[in-house]
Amino acid sequence: MVKNWAISIGINYYDNLRPLKYAERDANLFGEFLKQEAKFDEVFYFSDHSSKIVRPNSQPILSQPKFTNLLRALRTLTKKKFMGVGDNFWFFFSGHGRRRNQRDFLMLSDSDPGNVEKTAIAVSDVVESLRNCGAGNIILILDACRDNPGDKGGEGIGTEAQQGVITFFSCSPQEQSWEIEELQQSSFTHALLEGLRLKGDNNCATAKRLDNYLREKVPQVNSQYKKPLQNPYTVAEPAKRYYSILLPHCLSVTHTDINTFKTDIDALRIEAYKAEVTDKDLELAYQLWHQVLAATYGLNEKNEEAENNIDRLRQLGLVKQQESQTHEESQGAKSGNELENDPVFSTEILREKLNSLPFKRQQVLKEILGGRRISEVARNLDMTESAVNYNLIQIYKYFKINSDFINEINGKKLNKKSFLIALFKKFLPESVNYFQEKQNNYEQLIERLVNPPNDVDSETFADFKPVDEQPKKNFESVSEETNNGNQVEPETFASHSQANLGDDEGYLISTKTEPINILILAANPKNTSRLDLEKEVREVSEILRNSREDIDFEIQERWAVRFRDLRQALLEIEPHVVHFSGHGSTDGIFLEDEEGNAYLVSQEALVGLFELFKNKIVCVFLNACYTGIQSEAINKYVSYVVGMSQVIGDRAAIVFSVAFYEALTNGRSLEFAYKLGCNAIHGEIGNEYLTPVLKRNNAQYQALQAEGRLSSAPPSVSARNSQQNLSKILVLASNPRGTSTLRTNEEIREIRNEIRGVRGCSFSLENRWAIRIRDFHKAMLELKPEIVHFSGHGAGRQGIVFENDQGREKFIEPDALARLFKPYARYVKCVLINASYSEVHALALAQYIDYVIGMIQPISDQTAIAFSSGFYRALAYQSSVENAFELGCSEIADKLPGTQEHLIPKLYGKKISKPQNHSSSDLYEMGEEYKN
């Protein structure tokens, strides 16, 4: 029976490269085709939102498309020969590709464009791994030339042939592979699936037929949707594989033209004879005869000629026992212990252990393994020597290296090789014999694992003795103690049960004088991977605003949060629930610094901050990866803490949040809300439902219950409080997937700070994120704002960019925007469109609105934020819109001296006699023409 396996990879989001729109969808559609229509035995997905890969007798494999994940998957899935020469292994990749030193590389989500050879995976390495499983037919499909060609130094992926492999490239070297908005696919994958589905005389059963179809179809699709030229092509090594039948098991007598398939089989027959007689390549002949046999089986026919030739070649001993290896799988896979004994697999386990260490301890360990003295480590990592020693002790405990081993090295120089042997002896004792037998190879493998500095020649560790002094807790020495004082290792959180949870306890209480205050904090620093925070906050805020009439929630949002913003918000709002959405690690959570980059707030700092507000805060919700450790620590002072035991995908985080707050707004308890959130993940996504963890502190629970902030039974609640009579500023923000990332979060933070900084300010600020048209109408009807501020992308007459239901771009043309605002003109006094090329929209709105501000050209984040700061500061001090506009322009000139960017904003409106601050008569005439 022919075996058919496949790996399908699609990457939309990159840490260091521009995002793609439809790569993940391409991989899913192609994988589903292989699984459902081509009836492949196994299809393994790697994407931003795919589930773990679970194999018998093996540990689960993370399927997020990161370098280490894919490397481990290839090693684990293909580490033994379980396939034969007639079997097929397909590899589909949709994402970015790069070429370095005459080699093709596939860029993974965490690959570094400046260090491609060490952080991306070479196509040749993929092929080598796939060959290990014994498959005779390897098909690579690389939709991977999606970078701007100028970024490739003139060399595009696709010039490297792989011996014994058929490779389909989406475009020629130095061309770009295009995504088609209307198809929500790349043109190449769209044509590929269409070709593989063709039946009858027009089928694409062979590599040659499919290649011819793609060469013709892809340029047609690009031309139809007005994209530049793109020429896919195929490389078969050797060329005889060009006649290979790609999916022989899909052939069936129900097809309309069997003769067409028989012709293809005959052509492959001829190539098999040529390989043996003319080229003397007997192994290739053997593989081609297997393809002939598999194809005729697909037609429910017997091919004695193929069977006889296969037997003859086998008897000549030219196959090297491939048939016996093919039957190994039927005898059962390796046991779990056998897998762990394998040195490569053992190293992957150790790699995971190393990656689970807090980041600072990873740095300490790599410095030590690189031959550094403790004093050198302290200097290199900006730590005290005491902190280095403390972290070494924690590393010993983490790897279960006992005090006897520590005593062995006290006061001695330790050979690096000896330390590594000891480390493996303590952690993976079954691998030590292999290490000692093949010391050089294994040492090289370990050195790649720990990545020591290149300039280290020394093999010794001097001054390796950990001292007894325990340093004061700080950022370098993150404690891992629970509220019981026990050590908690990061990897144990996934299996923790939720102890002491009642059936339905932890009801929030609101009173006539005090509503339930929810503080939502969001941070997505510009040097971190992009999260869908806007969508999460939009969904959660909408749920909270529409709670039951007898439950009073007050929602406050803070964006682009710095540590001082967190502190100020806790002082000002005194929240009952603090919700953080963003990035996390085993060391803490990532907020922003003054430049908008990631700033790690340590666990100790978080715990200390929440301790100060323990009499007010009822629940802390850390919706970020690896925050299970933080939840344990914070739970010492907060009644309920929700954290994540491991990585959580965007979709799972949103699904959990939505269900959690749906429960609260319907009067259910925190514990019920947590369980409902987990169930929502289980029902809508799958196995990520084990990721959220809820911790409860019974003593703190009872204290807050005595104060009337928590109840073990549904409390009687008051009617919703009337809102203060303040003029409202409504901020609409949109930054759809696939568009360049804007610093919208920081802009809104600065607007809020300007308003809050003025005592007696008559304005209140409301936000709406990931704005769709229906969100716009709902917010306008609900809030009746006097000022509407749009922050996002603009494209001139094509429109400003809202979002559709799929989170993609939806352009709102100037006339359409005017129609949207016309019904609300009776109370909207000012509209600010803080987006590039938005002057045409301002002109369209000016016929209905008193004051409208637009931008005459592209506007940078820095300029947009500067204008907003000056404009709203002036309004907070009760300046007129005209004066506030001038002060906003002045703020730009002050922060960006020597530029002309203060001329970008333009002011129009019913109460403006002529455009303000226009820079040229041409622009004014363009505006007059537009109005006429």
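Values in this document were obtained by computation on a predicted structure and should not be read as measured data.

## Side note on the packing of aromatic side chains
Each aromatic ring pair is described using two quantities: the centre-to-centre distance and the angle formed by the ring planes. On inspection of all chains with the given rule, the structure shows 22 aromatic pairs. Between Phe 621 and Phe 660, the aromatic rings sit 5.1 Å apart at their centres with planes inclined by 65°, giving edge-to-face as the arrangement. With Phe 621 in strand β21 (residues 619-623) and Phe 660 in helix α24 (residues 650-665), this residue pair connects regions lying 39 residues apart in the sequence. With respect to burial, Phe 621 and Phe 660 carry one shared label: buried. Geometrically, the ring pair formed by Phe 660 and Tyr 661 is edge-to-face, given 5.1 Å between the ring centres and 80° between the ring planes. A residue is classified by how much of its surface remains accessible, and Phe 660, at 1% relative accessible area, is buried. Its end group placed over the ring of Phe 672, Arg 668 keeps NZ or CZ at 3.8 Å from the ring centre. Taking NZ or CZ as reference, Arg 696 lies 4.1 Å from the ring centre of Tyr 701, over its face.

## With respect to the sheet that holds strand β20 (residues 598-602)
With antiparallel pairing, 3 strands are arranged side by side in an open sheet as β18-β19-β20. Here the strands that pair on one side only, and so sit at the sheet edges, are β18 (584-585) and β20. Alignment of β18 against strand β19 (residues 588-592), held across 2 bridges, turns out to be antiparallel. Each residue of the ladder has a partner; that of Ser 585, found in β19, is Gly 588. The strands touched by helix α22 (residues 603-612) are β19 and β20; relative to β20, the strand with the most contacts, the crossing angle is about 65°.

## A few points about the pairing of strand β8 (residues 165-169)
Burial analysis of β8 places 5 of its 5 residues in the buried class, the great majority of the element. Covered by surrounding structure in β8 are Val 165, Thr 167 and Phe 169 together with Ile 166 and Phe 168, the residues of both alternating faces. As paired elements, strand β7 (residues 137-143) and β8 share 5 bridges and run parallel to each other. What sits directly across from Leu 142, in β8, is Phe 169.

## A look at the confidence of the model for the chain
Residues at a pLDDT of 70 or more form 71% of the chain, whose mean pLDDT is 76. Every residue in residues 251-256 is under pLDDT 50, and counting partners more than four places away or in other chains gives 14 contacts. When the criterion is pLDDT under 50, residues 448-503 qualifies, and its contacts beyond four places in sequence or with other chains add up to 135 contacts.

## Some details on the sheet that holds strand β32 (residues 905-908)
A sheet is described by the order of its strands in space; here 6 strands give the open sequence β26-β25-β27-β30-β31-β32, paired in mixed fashion. Edge positions in the sheet fall to β26 (763-768) and β32, since each of these pairs with one other strand and no more. Recorded for the sheet is a direction-independent mean angle of 15° between the axes of neighbouring strands. One ladder, built from 5 bridges, connects strand β25 (residues 727-733) with strand β27 (residues 787-791); its direction is parallel. Bridge pairing in β27 links Val 731 to His 789. Each of β25, β26, β27, β30 (830-834), β31 (851-855) and β32 touches helix α31 (residues 861-876); the most contacted strand, β30, lies at about 160° to it.

## Looking at helix α1 (residues 23-37)
Between the first and last C-alpha of α1 there are 21 Å, a value that for 15 residues agrees with the 21 Å anticipated at 1.5 Å per step. Turning to α1, its buried residues number three or more, namely Ala 23, Glu 24, Asp 26, Ala 27, Phe 30, Gly 31, Phe 33 and Leu 34. Count one or two residues on from α1 and you reach Lys 39, which has phi positive near 60°.

## Focus: the nonpolar core
Core analysis: the largest hydrophobic core is formed by 79 residues, its most contacted members being Phe 656, Phe 660, Tyr 661, Leu 670, Phe 867 and Phe 871. Residue contacts for Phe 656: discarding those within four places in its chain leaves Phe 621, Val 642, Met 644, Tyr 674, Gly 677, Cys 678, Ile 681 and Pro 692. Core analysis: the second largest hydrophobic core is formed by 45 residues, Leu 17, Ile 53, Phe 67 and Val 126 among them.

## Points about the pairing of β7
Most of β7 is tucked away: 7 of the 7 residues are buried. Side chains of β7 alternate between two faces, with Asn 137, Ile 139, Ile 141 and Asp 143 and Ile 138, Leu 140 and Leu 142 buried alike. As judged from the 7 bridges shared by strand β3 (residues 88-94) and β7, these two strands associate in the parallel manner. Looking at β7, one finds that Phe 92 is bridged to Ile 141.

Calculation criteria
Residues numbered from 1 in each chain as written. Predicted model: local features only at pLDDT ≥ 70, side-chain atom pairs only at ≥ 80, totals over all residues. Heavy atoms only, no water. Phe/Tyr/Trp six-rings, centres within 6.5 Å; stacked < 30°, edge-to-face > 60°. Helix = DSSP H or I, 4+ residues; strand = E, 2+ residues; numbered from the N terminus. Buried < 20%, exposed > 50% of the residue type's maximum accessible area, 1.4 Å probe, protein only. Lys NZ or Arg CZ within 6 Å of the ring centre and 35° of its normal. Pairing = 2+ DSSP bridges. Contact = heavy atoms within 4.5 Å. Axes fitted to C-alpha atoms, helices over the stretch in contact; angles between N-to-C directions. pLDDT = per-residue confidence, 0-100. Expected span 1.5 Å × (residues − 1). Core = buried A, V, L, I, M, F, W, Y, C linked by side-chain atoms within 4.5 Å.

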